[in-house]
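# Tertiary structure, described
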Amino acid sequence: MLLLYSFKLIKHFMNSKKVYVAYTGGTIGMKPSDKGFIPESGYFSQQISSLPELASPDMPAFEIHEYDNLIDSSNITPEDWYRISQDIESRFDEFDGFVVLHGTDTMAYTASALSFMLEDLSKPVIVTGSQIPWSQIRTDARDNLITSLLLAGNYDIPEVGLYFHNRLYRGNRARKLDASGFHAFQSPNFPAIAEVGTKITVNEELLLTEPAQRLKIQKISPPKVIILSLFPGFPAELLENVFSSDIQGLVLMTYGMGNAPCNDKKLLDLLGQASKQGVVIVNCTQCYKGSVDMSGYETGHGLLDAGVISGFDMTPEATLTKLSYLLSSDCTVEEIKQKMQLNLRGELTN
Ligand code: ASP
C-alpha cells in the first residue's frame, strides 16, 4: 500500500513497547469544510504532533502511517480490509500491538472482518475512532487514541478489539448503536473485554487464547452475500430476484428468536430451493440482544425445514463478514455451514 505520510517513530526511553498505527480516515482526523467534515492528507498527523501526552514516557513508542487515500468509512470495501490486513502482517514482527484509526460508521464491520482475516493473531489490534474530530475542543478522539495506544502497547490481548468511550469490546461483538453519542458502541451479547476508569482492567478470562502459529491473512473477495430484513408484508417475490442472481449467501434478519411467517408458502419454498442449490442462508435475529433458536416456535421450524442455519447470537456485522470470509476460502458449502455455526474467533455463543 502506498503510504504518503509516515510519522517518525516517537521513542521513549522508559517504555520500550512499540505500536503501529494505521490511519485509514474517519471523523477522528477530519477537517471542517463547507460540505461538512472531510478527511485531508497530513492534517491529523500535524494536529497530533503537538499533543504533549503522546510524548509522555508512560506512552508506548508509536509510528503512524497515514493511508494515501483517507476515507470516510462509509466508503470502505473488502479491498480496504485486505490492505489493512496486509499492512499489519508486513509490520507484525516489529511492533507489540496495532491501532487502526477508522470512521465509526462501518467500524464494527471492519473490526469483524479483521477478526476473521487475521488468522492466528497473537498481538492486540485495536480499532478506534471518534465522534468529534481531534481538532474540535469537545473531541473524544484524545482519550480514544491514547487509551488504544496503551491497550495495544502494554497488554497481551491476542485479538481484534474495538475501543470506544472507556470500553474495549471484542471487535466481532461490537455494534454502533448511537449515531451521535460518545457511548456509540455496545456489545449486546458479550461483556467488554476491558473497562477503563481510573484503572485499566482487562478481563483476562474473556480473552481468546494465544495461538501457537504465526499470523497469516486471508482475503475476503467481494462478497456475493446480502442482508435482508423481514417485515410484516415482506414480498416473497423479492427473493425470486435475489436468488436468480449469482448470490452465494444470505443473512436473513428474522423476528425474535429467529422466526419468520410460516403461513407464507412461497417464502419458505424459495428459501428451501435456494438452500438446496447451495446458497448459505443464515438466520440472524433483528433483536438487539439474545440468540436465534429455531426450535422454539412453529414459525422457526419452517426456516429449519427450509435448510436455514442458525447465526446464534452473532451480530449482523459478524455474520456478514464471517460468511464472506468463509465463502472466500476453499471450504465446501457443507463445511461453510458447519463453520458458520462454530465459534471461530469468539464471535458466537452456542
Ligand atoms: N462518517 C464518519 C466515518 O465513518 C463517521 C465517523 O467517523 O464517526 O468515517
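This text follows the structure it describes.
Below is a short write-up of the structure. (Residues numbered from 1 in each chain as written. Predicted model: local features only at pLDDT ≥ 70, side-chain atom pairs only at ≥ 80, totals over all residues. Heavy atoms only, no water.)

## Some words on the site of the ligand
By nearness alone, every residue bordering the ligand is listed as Gly26, Thr27, Asp72, Ser73, Gly103, Thr104, Asp105, Ser130 and Gln131. Measuring from an oxygen atom of the ligand, one finds a side-chain N or O atom of Thr27 at 2.9 Å. Ser73 is positioned such that a nitrogen or oxygen atom in its side chain is 2.5 Å from an oxygen atom of the ligand. By residue class, the composition of the shell around the ligand is no nonpolar, seven polar and two charged. (Near = heavy atom within 4 Å. Polar contact = N/O pair within 3.5 Å; in protein donor to acceptor, adjacent residues only side chain to side chain. Nonpolar A, V, L, I, M, F, W, Y, C, P; charged D, E, K, R; others polar.)

## Considering the layout of surface pockets
Here the largest pocket is characterised by a volume of approximately 290 Å³. Around the largest pocket, the lining comprises 17 residues; the ones closest to its centre are Asp120, Leu121, Leu208, Leu344 and Arg345. Counted by class, the lining of the largest pocket contains seven nonpolar, four polar and six charged residues. (1 Å grid on protein atoms, 1.4 Å probe; cavity = no way out; pocket = protein on both sides within 12 Å on 5 of 7 lines; lining within 4 Å. Points joined across faces, edges and corners; volume = space filled by probe spheres on them.)

## Regarding unusual backbone geometry
If you check the backbone angles, Asn166 has positive phi at about 70° while not being a glycine. One non-glycine residue, Phe312, lies in positive phi territory at about 45°. By the element assignment, Phe312 lies in the loop between strand 17 (309-310) and helix 8 (316-327). Assessed through its relative accessible area of 19%, Phe312 is described here as buried. (Helix = DSSP H or I, 4+ residues; strand = E, 2+ residues; numbered from the N terminus. Buried < 20%, exposed > 50% of the residue type's maximum accessible area, 1.4 Å probe, protein only.)

## Section: the pairing of strand 2 (residues 18-25)
A large share of strand 2 lies buried, amounting to seven of its eight residues. Of the pairings in the sheet, the one linking strand 2 to strand 3 (residues 61-71) comprises seven bridges and is parallel in character. Residue pairing across strands places Tyr23 opposite Glu66, the latter belonging to strand 3. (Pairing = 2+ DSSP bridges.)

## Section: empty space enclosed by the protein
A full pass over the atoms with the stated rule returns one cavity of 30 Å³ or more. Reported here for the largest cavity is a volume of approximately 70 Å³. Tallied by class, residues from the lining of the largest cavity come to five nonpolar, four polar and two charged.

## Brief notes about the packing of aromatic side chains
In this description, an aromatic ring pair is defined by two values, namely the gap between the centres and the angle between the planes. Under the criterion given, the structure shown has nine aromatic pairs. Ring pairs connect the aromatic residues Tyr20, Phe92, Phe95 and Phe98, which therefore count as one cluster. Its end group placed over the ring of Phe92, Lys123 keeps NZ or CZ at 4.6 Å from the ring centre. A cation over an aromatic ring shows up here: Arg142 above the ring of Trp134, its NZ or CZ 5.7 Å from the ring centre. (Phe/Tyr/Trp six-rings, centres within 6.5 Å; stacked < 30°, edge-to-face > 60°. Lys NZ or Arg CZ within 6 Å of the ring centre and 35° of its normal.)

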